[in-house]
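The lines below spell out each chain.
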Amino acid sequence: MENNNVFGKSTGKSGPVELNDRNFQSFVNSPKLSVIDMWAAWCAPCRYISPVIDELSGEYSDVANFGKVNVDENPVTSRNLRIESIPTIMFFKNGKVVDMSIGVVPKEFLIQKIKDLA
């Protein structure tokens with residue numbers, strides 16, 4: 001079944017891409033919006049927002065690429081982006097940060113960001 005709603009559900013992806021120091025920059029260099037979850041395994045708020053990012057990656061894969069970066073395992077990317085608090089959700093276009101959100105936020109907040117930035 002085809003969905004013509006640009007901000008509707010999509011079945012194009014099975015979830016966010018696990019990114020690392022080697023593939024991060026090429027992933028976010030897309031003209032398509034990239035939504036990146038900066039997280040760590042020990043972070044309780046990260047575990048709370050992770051399923052939300054997973055849901056959004058399925059619902060909005062037609063307008064955005066979704067990725068996750070474990071900040072403990074990818075120190076170069078974390079340092080380059082000056083990540084000081086997690087979870088941090090970053091929004092990129094053409095390799096540039098266009099917005100970000102720090103801490104746990106409602107799913108509706110992230111949906112609005114995606115709609116505004118896509």
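Preceding this section is the structure that the text describes.
Everything numeric in this text was worked out from a predicted model, so none of it was measured.

Attention now moves to the pairing of strand E4 (residues 88–93). Counting buried positions along E4 yields five of six residues, so the element is predominantly enclosed. Bridge analysis of strand E2 (residues 33–39) against E4 gives five bridges, and the strand direction is antiparallel. What sits directly across from Ser34, in E4, is Phe92. The pairing of E4 with strand E5 (residues 96–102) spans six bridges and is classified as antiparallel. Of the residues in E5, the one forming a bridge with Met90 is Met100.

Moving on, we get to the state of the cysteines. Counted according to the given criterion, the structure contains one disulfide. Each disulfide pairs two cysteine sulfurs, and for Cys43 the partner residue is Cys46, the sulfurs being separated by 2.4 Å. Residues Cys43 and Cys46 share a disulfide whose torsion about the S-S bond is about 80°; that sign makes it right-handed. The exposure class assigned to Cys43 is buried, which follows from its relative accessible area of 3%. Look at Cys46 and you get buried, because its relative accessible area is 2%.

The biggest cluster of nonpolar side chains holds 17 residues, and the ones touching the most others in it are Val35, Leu56, Phe66, Phe91, Leu110 and Ile114. Only E2, helix H2 (44–59), strand E3 (64–70), E4 and helix H4 (107–117) provide two or more residues apiece to this core. If sequence neighbours within four positions are ignored, Leu56 has contacts with Ser61, Phe66, Lys107, Leu110, Ile111 and Ile114. Phe27, Met38, Ile83 and Ile86 belong to the second largest nonpolar core, which has 16 residues in total.

About the thresholds
- Within each chain, residues carry numbers counting from 1 in the order of the written sequence.
- In keeping with the model being predicted, local features are shown solely for residues with a pLDDT of at least 70 and side-chain atom pairs are shown and tallied solely at 80 or more, while totals for entire chains, interfaces and linings include all residues.
- Only hydrogens and water are set aside; all other atoms, that is, all heavy atoms of the structure, feed into the side-chain values.
- Accessible area is worked out with a 1.4 Å probe on protein chains only. A residue is then buried under 20% of its type maximum, exposed over 50%, and partly exposed in between.
- A run of H or I in DSSP counts as a helix once it spans at least four residues, and a run of E counts as a strand once it spans at least two, with each numbered from the N terminus.
- Strand pairing is assigned whenever DSSP identifies at least 2 bridges connecting the two strands.
- Any two cysteine sulfur atoms within 2.5 Å of one another count as a disulfide.
- In these notes, a set of buried Ala, Val, Leu, Ile, Met, Phe, Trp, Tyr and Cys residues joined through side-chain atoms within 4.5 Å is what counts as a nonpolar core.
- Pairs of residues are marked as contacts when any of their non-hydrogen atoms sit within 4.5 Å.

Keep in mind that these numbers describe shape and distance, not what the molecule does.
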